[in-house]
Amino acid sequence: MYTVIGNPRSRTVRVLWLLQEMGVEYNHESIAPHSDEARAANPVGKIPVLLDGDHAFTDSTAILTYLADKHGQFTFAAGTPERAIQDGHTNFLLDEFDACLWAAGRHARYLPEERRVPAVIDSLKWEFERSRRRFVDRLGAGPFLMGDTMTIADIVAAHCGRWAKGTDFPVDQPEFTEYVDRMVARPAFRRAIGAS
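Below you will find a few notes about this structure. (Residues numbered from 1 in each chain as written. Predicted model: local features only at pLDDT ≥ 70, side-chain atom pairs only at ≥ 80, totals over all residues. Heavy atoms only, no water.)

Size it by volume and the largest pocket reaches roughly 1,200 Å³. As for the largest pocket, its lining consists of 38 residues, and the residues nearest its centre are Arg9, Ser10, Arg11, Trp102 and Trp163. Elements represented by at least two residues in the lining of the largest pocket include exactly α1 (12-22), α3 (60-71), α4 (81-110), α5 (120-139) and α6 (152-166). The dominant element in the lining of the largest pocket, judged by the number of residues it contributes, is α4, at 10 residues. Class assignment of the residues belonging to the lining of the largest pocket gives a composition of 17 nonpolar, 11 polar and 10 charged. (1 Å grid on protein atoms, 1.4 Å probe; cavity = no way out; pocket = protein on both sides within 12 Å on 5 of 7 lines; lining within 4 Å. Points joined across faces, edges and corners; volume = space filled by probe spheres on them. Helix = DSSP H or I, 4+ residues; strand = E, 2+ residues; numbered from the N terminus. Nonpolar A, V, L, I, M, F, W, Y, C, P; charged D, E, K, R; others polar.)

Here you go:
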């Protein structure tokens, strides 16, 4: 059985969500980043961590890819054109959404105060808004990035959309908000965050 280490108010929720969607049993240890418990699983203290037997996997997207490939769900097979398109969506989201949100968070609260440059946040919001419009083009008729098939790219996209809403990033494009709202209304997501 898998063990997922990390607080669900972080990227850990991506892993919990996928496991819920797949119906795979797991243990969850809600542990804060950089705590002694987190460092016991990952020496740098970052979460999430997925324990599978003797292996400890880090980085939420790497974990999603591992689980999806291992269980043959929420992904297309490696080496197929569909997988290349799916991976393109995932990498776009990491570069254009996740990176902007995380940089803003670091400059707002996580970096040492003398290293913060709060003025950069407006630029990051502008970048996010530009990328959000390109995301809607990628989504097309949907309902998922890969048409009728939900993949791990959708989990990353919806998580970033929810994160953006919670941090006052521009999310007012109806196609985008409808997509995010539809995704986070899924029962598996609600279970992952502990909501009924």
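Another point: unusual backbone geometry. Going from isoleucine 47 to proline 48, the amide bond is cis rather than trans, its omega being 5°. Note on placement: proline 48 falls in the loop between α2 (36-41) and β3 (49-52). A cis geometry characterises the amide bond from glycine 142 onward to proline 143, with omega recorded as 10°. Here proline 143 is to be found in the loop between α5 and α6. Phi at histidine 34 takes a positive value of approximately 65°, unusual for a residue other than glycine. Within the secondary structure layout, histidine 34 lies in the loop between β2 (26-29) and α2.

With that settled, the discussion passes to the packing of aromatic side chains. What characterises a pair of aromatic rings is the spacing of the ring centres plus the angle enclosed by the ring planes. Here the structure, examined in full by the defined rule, presents 11 aromatic pairs. Plain terms: the ring middles of phenylalanine 57 and tyrosine 66 are 4.4 Å apart, the flat faces sit at 35° to each other, and that makes the pair tilted. Both rings, one in phenylalanine 97 and one in phenylalanine 128, keep their centres 4.6 Å apart while their planes meet at 35°; by these two values the pair is tilted. You can see phenylalanine 97 sitting in helix α4 and its partner phenylalanine 128 sitting in helix α5, a full 31 residues away along the chain. When its relative accessible area of 0% is taken as the criterion, phenylalanine 97 is described as buried. Using a relative accessible area of 0% as the deciding quantity, one classes phenylalanine 128 as buried. Joined through ring pairs, the aromatic side chains of Phe92, Phe97, Phe128, Phe135, Phe169, Phe176 and Tyr179 make up one cluster. (Phe/Tyr/Trp six-rings, centres within 6.5 Å; stacked < 30°, edge-to-face > 60°. Buried < 20%, exposed > 50% of the residue type's maximum accessible area, 1.4 Å probe, protein only.)

We now examine the side chain of asparagine 7. Within the fold, asparagine 7 resides in the loop between β1 (2-5) and α1. Within the local environment of asparagine 7, its side chain forms a polar contact with the backbone nitrogen of arginine 9, the two atoms lying 2.7 Å apart. Beyond its immediate sequence surroundings of up to four residues, asparagine 7 is in contact with Thr12, Ser30, Ile31 and Ile47. (Polar contact = N/O pair within 3.5 Å; in protein donor to acceptor, adjacent residues only side chain to side chain. Contact = heavy atoms within 4.5 Å.)

The mixed open sheet is built from four strands, whose spatial order is β2-β1-β3-β4. If you trace the sheet from one side to the other, it starts and ends with β2 and β4 (55-58), each paired once. For this sheet, the mean inter-axis angle between neighbouring strands, taken without regard to orientation, is 20°. α1 rests against β1 and β2 of the sheet, and its axis sits at about 150° to β1. (Pairing = 2+ DSSP bridges. Axes fitted to C-alpha atoms, helices over the stretch in contact; angles between N-to-C directions.)

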